[in-house]
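Breakdown of the fold
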Amino acid sequence: MKFSDLGFEPQLQEGLDMMGFDKPTPVQEQAIPAILANKDMIACAQTGTGKTAAFVLPILNKLCSSQTKKINTIIVAPTRELALQIDRQIEGFSYFTNSSSFPIYGGGTGSDFDAQKKAIQNGADIIVCTPGRLMAHMKFKYFDPSGVKHFILDEADRMLDMGFHDDIMDIFKKLPKEKQTLLFSATMPPKIRDLAKTIL
């Protein structure tokens, strides 16, 4: 199978061609059609298997035909480093599309918080967040989750190991009932299965 067989919008396919992406990895080949079909999904995939593209590409493809001024997708990652890495990949893939993304994480200055607030208010299509900082923004009235169509947890096992279970559940409950939820994890321990049963 090739990426061109997945039926992506021309502007997204153009970005893939430019980056030299020809054949999907196994996790991409299995996950992308399910995500395009709007199914909730849990995927067990190690770092380095191309899992970021497995969830980013179908979301960007949907955004090609979406005209909204609200946040469409929330991606939650355990660390600032991973949030930045995912955001950089989104920038690369979305080069020929009109989609916007913004990383939201703690540990910065007041001006960082203001820049994040502005991105949220302006309705960045995708925000890539660490759980604590996302919770901090969600406490304010400017955070409008009503347009969220996709909720993605990356490295979910790591987030649970770091004690973020309650934060994840709080975030989940504030989002619209009608949304697609995707859970990516390197391992599948019982606590991940329990989380999947609750939110998928």
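In what follows, the structure referred to is the one given above.
I will try to describe carefully the structure that is included in this document. (Residues numbered from 1 in each chain as written. Predicted model: local features only at pLDDT ≥ 70, side-chain atom pairs only at ≥ 80, totals over all residues. Heavy atoms only, no water.)

**Some points on the nonpolar core**
- Core analysis: the largest hydrophobic core is formed by 33 residues, its most contacted members being Phe55, Leu57 and Phe184.
- Residue assignment for this core shows that the elements contributing at least two residues are helix 1 (10-18), helix 2 (26-36), strand 1 (41-44), helix 3 (51-63), helix 4 (80-93), strand 4 (126-129) and strand 6 (180-185).
- Examining the composition of this core, we find that eight residues originate from one element, helix 3, more than from any other.
- For Leu57, the contacting residues outside a window of four places in its chain are Phe3, Phe8, Leu12, Leu16, Ile32 and Phe93.
- Counting 30 residues, the second-largest nonpolar core is a separate cluster that includes Ile71, Val76, Ile127 and Tyr142. (Core = buried A, V, L, I, M, F, W, Y, C linked by side-chain atoms within 4.5 Å. Buried < 20%, exposed > 50% of the residue type's maximum accessible area, 1.4 Å probe, protein only. Helix = DSSP H or I, 4+ residues; strand = E, 2+ residues; numbered from the N terminus. Contact = heavy atoms within 4.5 Å.)

**Notes on the pairing of strand 2 (residues 73-76)**
- Across the two faces of strand 2 the burial is the same, with Thr73 and Ile75 and Ile74 and Val76 all buried.
- Across four bridges, strand 2 lies against strand 4 in parallel orientation. Residue pairing in the sheet places Thr73 in a bridge with Ile126 of strand 4.
- Strand direction decides the pairing type here: strand 2 and strand 5 (residues 150-153), joined by four bridges, are parallel. Within strand 5, the residue paired with Ile75 across the bridge is Ile152. (Pairing = 2+ DSSP bridges.)

On their own, these measurements won't tell you what the molecule is for.
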